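# Architecture at a glance
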Amino acid sequence: MRYVILGTAGHIDHGKSAIVKALTGVDPDRLKEERERGITIDLGFADLTYPDGLRVGIVDVPGHERLIKNMLAGAGGLDVLLMVFAADEGIMPQSREHLAICNLLKIKRGLIAVTKTDLVDEEWLALVTDEVRGFVKGTFLEGAEIIPVSSKTGQNVDLLKEKIGEIASGVEPKPLKGLFRLPVDRVFTLKGFGTVVTGTAVSGSISLDEPVEVLPEGIKTKVRGLQSHGDMLKKAFAGQRVAVNLQGVAKEDLQRGDVITSPKKIMPTYVVDASVEILSDSLINSLKNRSLVHFHTGTSELIGRIIIFDNKELKPGEKAYCQFRFNSRIAVMAGDRYIIRRFSPLMTIGGGEILDTSPKRRRRADGYDDLEVFEGGVLGDKIRMKVFNSGLGGITQAGLEGWINAELRETGKAIEALIKEGKVIRCDERFIDKKVFDIFSKKAASTLEDFHKRNPLKPGMLKEALRAVFKGLDQKMFEELIANVRDVVPDKEMLRLGSFNISLDEDKVLLEEKILKSLEGALFQPPAKEELSSALSINQKELDELLKIMASKGRLVRINDALYLTADSYNKMIDGLRKFFNEKAEMSVGEFRDILGTTRKYALPFLEYLDSNKITLRVGDVRKFLLK
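Computed from a predicted structure; not experimentally measured. Every chain is numbered on its own, with residues counted from 1 as its sequence reads. In keeping with the model being predicted, local features are shown solely for residues with a pLDDT of at least 70 and side-chain atom pairs are shown and tallied solely at 80 or more, while totals for entire chains, interfaces and linings include all residues. Water and hydrogen atoms were dropped before computing side-chain values, which therefore reflect all heavy atoms in the structure.

Moving on, we get to the sheet that holds strand 33 (residues 616–619). A pair of strands is treated as paired once DSSP finds two or more bridges between them. Runs of E in the DSSP output that reach at least two residues are strands. Runs of H or I that reach at least four are helices, and both are numbered from the N terminus. In spatial order, the strands read 32-34-33; together these three strands make up an open sheet with antiparallel pairing. The open sheet terminates on both sides in strands that have one partner only, identified here as strand 32 (587–588) and strand 33. In the sheet, strand 32 pairs with strand 34 (residues 622–625) via two bridges, with the strands oriented antiparallel. Bridge pairing in strand 34 links S588 to V622. In what follows, residue pairs with any heavy atoms lying within 4.5 Å of each other are defined as contacts. Axes here refer to lines fitted to C-alpha atoms; in helices the fit is confined to the stretch in contact. Angles between the N-to-C directions go from 0 to 180 degrees. Contacts between helix 17 (residues 567–583) and the sheet are confined to strand 32 and strand 34, with strand 34 contributing the most and set at about 95 degrees to the helix. Running at roughly 105 degrees to strand 33, helix 19 (residues 600–612) makes contact with strand 32, strand 33 and strand 34 of the sheet.

Here it is in structure tokens:
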């Protein structure tokens, strides 16, 4: 089956609910107060099923100007608009506001019903029809078919149903393979079931027993039951009106505006970057920078402050890039549409597209190239720009999938294409822009080069010291990045350039030979650093550097901070151990001391070194040999 959502729009008491009932047999006015007063107060729902498998869910919205926020809650997921005008009244204030809202939301398809035709003569009907045709000129309804209808007599009801089917059949399907999202428009409880939420699934699919997350609060739960227009389902798809029975969640924890979605994908935010357009016929003189506005997207409404980039104010008909800063978190994706209304008095003034849900810190000199790409670029360009903006921290595939409203498969293909083209690289589970990585590589190499020039006798720079140069970069990401930098060689806790070699002055070379000769002569009773410094008349700091250099060259083996062995002495120690363990399985400290011909004072630190390097294994008071 194919699923399409149609919404009604129009002024209060123009017959929207009556025409829905005539089409479907279902009264969308579900509340007692609505039926008593004869007006739609909240969203009403019905559906049409066609022989070819097409199913059209109908959202009937209120027309009263004080209930526009309820109308907006139903307009976000619409595929087709049925614009309704009463023949006896024609165009009225909410006709204008509803059409403006649907135009800003970029609804692409629709048709027009002129209702209550039984109340007027043909001449008057012709006048109203002409007026309506002129009214919709310049909007997405320009050229749409206008059908005169009477819910009372049944005139053209079947024709309207037929035309709805024709238009709905041509609607581009919602992304069935996208991330599942269901903006909540109703929350209630059912005896024996518990908490139920309803909404229009705007992308993806969901199955029974599947884990979901309720945003922005991040409530983890599971799908206990699914229903659509009274039918029990095992799986629900984008484009369907869906009721979801949630496991273990209280009704009081949920509200209209929440979003049911796949876990750990969408990150709620207080700030979004967006494009904004002010209605050309808006009654405001201008929208000033930093104004408070009512922000509507999906089924949510919240207060936000608009920061207009490069403009102090926007006049009717003008467009700009902007940022919204909200008083509470919101769960949205790049590509979502929104509407803004004046803070007071309430009035629809404009709308636009959300471009980035985790925007970078922006300086005036940065320009808005990224926003231009997010607004008009193809998917691959948008993803690359987002990866670029994510800097050295990078972004995960889940992060990208939860950022942009697109088919998950297409997002994955775009990422792989960028990697194949060499524009993006993969570091662990994150993606980094190649340009960003190249800047990192150059800075890391130049920092190390400068360090080597200033410290020609040091074997390298501490990793943490180099990481500190890249402020805010976590250790794991630093390790991943530095491992991919050419000519950088890791050495335990240090890093050096592969082209770097310690070049000693002639006097330093002579000191090296003196140190080596002194340690060779002592064999397995080497002098400690302090003793060596005194015996050779070498400054303690200078001796430290020379010992480290000799160890990095492999001439010495560092036992601990105080003791060093020559490489030859160390090899003799290993050879002696091999011979011993060829005959015996275990070795005591005394036996090890005798093998080396040394004292317990030296034997113990030697054994501690061998244990820590997994050459020997201590078992109680004896050692076992681990080398083969």
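That was the structure; now back to the text.
Our next topic: the pattern of salt bridges. Opposite charge on two side chains permits pairing when their charged atoms draw close. Definition used for salt bridges: Asp or Glu carboxyl oxygen within 4 Å of a side-chain nitrogen of Lys or Arg. Inspection of every chain in the model, using the stated rule, returns 32 salt bridges. Salt-bridge contacts for D273 lead to R362; the nearest nitrogen and oxygen are separated by 2.9 Å. Here D273 is found in strand 16 (residues 269–278), whereas its partner R362 is found in the loop between strand 23 (348–356) and helix 7 (369–376), with 89 residues between them in sequence. Residues R454 and D450 are paired through a salt bridge, measuring 2.9 Å at the closest nitrogen-oxygen approach. Here the residue R454 and the residue D450 both occupy positions in helix 11 (residues 434–454), the gap between them amounting to four residues, near one helical turn.

A few words now on the packing of aromatic side chains. Pairing of aromatic rings covers Phe, Tyr and Trp, the last through its six-membered ring, and needs centres within 6.5 Å; plane angles under 30 degrees mean stacked, over 60 mean edge-to-face, and all others mean tilted. On inspection of all chains with the given rule, the structure shows 17 aromatic pairs. The interplanar angle of 65 degrees and the centroid separation of 5.2 Å between the aromatic rings of F374 and W403 together place this pair among those described as edge-to-face. Of this pair, F374 sits in helix 7 while W403 sits in the loop between helix 9 (397–401) and helix 10 (408–420); the two residues are 29 residues apart in sequence, bridging distant segments of the chain. Side by side, F374 and W403 carry an identical accessibility label, which is buried. Type-normalised accessible area, obtained with a 1.4 Å probe on protein chains alone, sets the label of each residue: buried when under 20%, exposed when over 50%, and partly exposed for intermediate values.

Moving on to the sheet that holds strand 18 (residues 292–297). Judged by pairing direction, the barrel is antiparallel, and its six strands sit side by side in the order 16-21-19-18-22-23 before closing back on the first. Each strand of the sheet is rotated relative to its neighbour by a mean of 45 degrees, with strand direction disregarded. Taken together, the five bridges between strand 19 (residues 300–308) and strand 21 (residues 319–330) define a ladder with antiparallel strand orientation. Of the residues in strand 21, the one forming a bridge with I306 is F324.

A negative phi angle is the norm for most residues apart from glycine, just as the trans form is the norm for most peptide bonds. Residue P216 follows L215 across a cis peptide bond; omega there is 10 degrees. The residue P216 is located in the loop between strand 10 (211–215) and strand 11 (219–228) in this model. Of note, the bond from S344 into P345 is cis; its omega dihedral lies within 30 degrees of zero at -5 degrees. Along the polypeptide, P345 turns up in the loop between strand 22 (337–342) and strand 23. Phi is positive for D209, which is not a glycine, with a value near 70 degrees. Take D209: it is sitting in the loop between strand 9 (205–207) and strand 10. Phi is positive for L523, close to 50 degrees, though the residue is something other than glycine. Relative to the elements of secondary structure, L523 occurs in the loop between helix 14 (506–522) and helix 15 (529–536).

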